[in-house]
Amino acid sequence: MKINIQEVRFTIKTVEDGKYPDLMAYVSITFFDDKRRHFTENGFNLRKSKFEGGKPYLTAPSKKSSKGYYKFNLVEKTLWKEMEREVIEQYEYETIPIINKNKDEDKELTIEAF
């Protein structure tokens, strides 16, 4: 069986969790083939590194065991880095603050053209 992946989409849900201060977002990855059929992998996380100045990194779904963590996905290194780069870029884009809000009154500003 051959599956021709044509598109990959990332769904990112930002998180603020006091229990896990390094957790930035939950990530799902959906793969589409040439016939628009798809499958989705859930359980990815975007985390903030304790090192490297808090640089974000992507983690795969895993389960803690007595010997460490069992990873459910094994992805070729260059593909993983490309996916990680895309997720970080999308996260940064989606978390750009809204600039058309007045913080004092929490009302939208209206600009009228003359």
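Here, every reference points to the structure presented above.
What counts, and where the lines are drawn
Each residue is numbered by its place in its chain's sequence as written, counting from 1. Reporting of local features is limited, given that this is a predicted model, to residues whose pLDDT is at least 70; pairs of side-chain atoms are given and counted only at 80 or more, and all residues count toward the totals for whole chains, interfaces and linings. Side-chain numbers come from the whole structure's heavy atoms, not from hydrogens or water. In this text, helices come from DSSP runs of H or I with a minimum length of four residues, and strands from runs of E with a minimum of two, each type numbered from the N-terminal end. For each residue, the accessible area found with a 1.4 Å probe, counting protein chains only, is set against the maximum for its type, and the residue is called buried under 20%, exposed over 50%, and partly exposed in between. Here the Shrake-Rupley method, with its probe set to 1.4 Å, supplies the accessible areas, and only the displayed protein chains count as covering residues. Only protein atoms enter the calculation, which uses a 1 Å grid: trapped sets of points that fit a 1.4 Å probe without letting it out are cavities, open sets showing protein on both sides within 12 Å along at least five of seven lines are pockets, and any residue with an atom within 4 Å of a point is a lining residue. Grid points are joined across faces, edges and corners, and a volume is the space filled by probe spheres set on the points. Multiplying 1.5 Å by the helix residue count minus one yields the expected span of that helix. By definition, the arc is the one covered by directions from the helix axis to the C-beta atoms. Residue contacts are counted whenever heavy atoms from the two residues lie within 4.5 Å of one another.

Caption draft 1: Representation of the overall build of the protein within the structure. Along its length, the protein carries one helix and eight strands. Ordered by position from the N terminus, the helices and strands of the protein form the series β-β-β-β-β-β-α-β-β. Looking at the protein as a whole, 26% of its 114 residues are labelled buried. Counting only carbon and sulfur atoms, one obtains 52% of the accessible surface of the protein, whose full area is about 9,800 Å².

Caption draft 2: Layout of the layout of surface pockets. Each pocket or cavity is described by its volume, and for the largest pocket that value is around 370 Å³. Forming the boundary of the largest pocket are 17 residues, of which Thr59, Ala60, Ser62, Tyr69 and Lys71 lie nearest the centre. There is about 190 Å³ of room inside the second largest pocket. Every residue along the wall of the second largest pocket is listed here: Ser49, Glu52, Lys55, Pro56, Tyr57, Leu58, Trp80, Lys81, Glu84 and Ile88. Mapped by element, the contributors of at least two residues to the lining of the second largest pocket are strand 4 (56-59) and helix 1 (77-94). Ranked by residue count, the leading element in the lining of the second largest pocket is helix 1, at four residues.

Caption draft 3: Structural view of helix 1. For helix 1, which comprises 18 residues, the first-to-last C-alpha distance of 26 Å matches the rise-based estimate of 26 Å (1.5 Å per residue) to within 8%. The complete set of buried residues in helix 1 reads Trp80, Met83, Glu84, Val87, Ile88 and Tyr91. Down the axis of helix 1, the smallest arc covering the buried residues is 135°, so these residues share one side. The exposed residues of helix 1 that point more than 90 degrees off its buried face are Thr78, Arg85 and Tyr93. The inward-facing, buried residues of helix 1 contact strand 1 (5-14), strand 2 (23-33), strand 3 (38-48) and strand 4.

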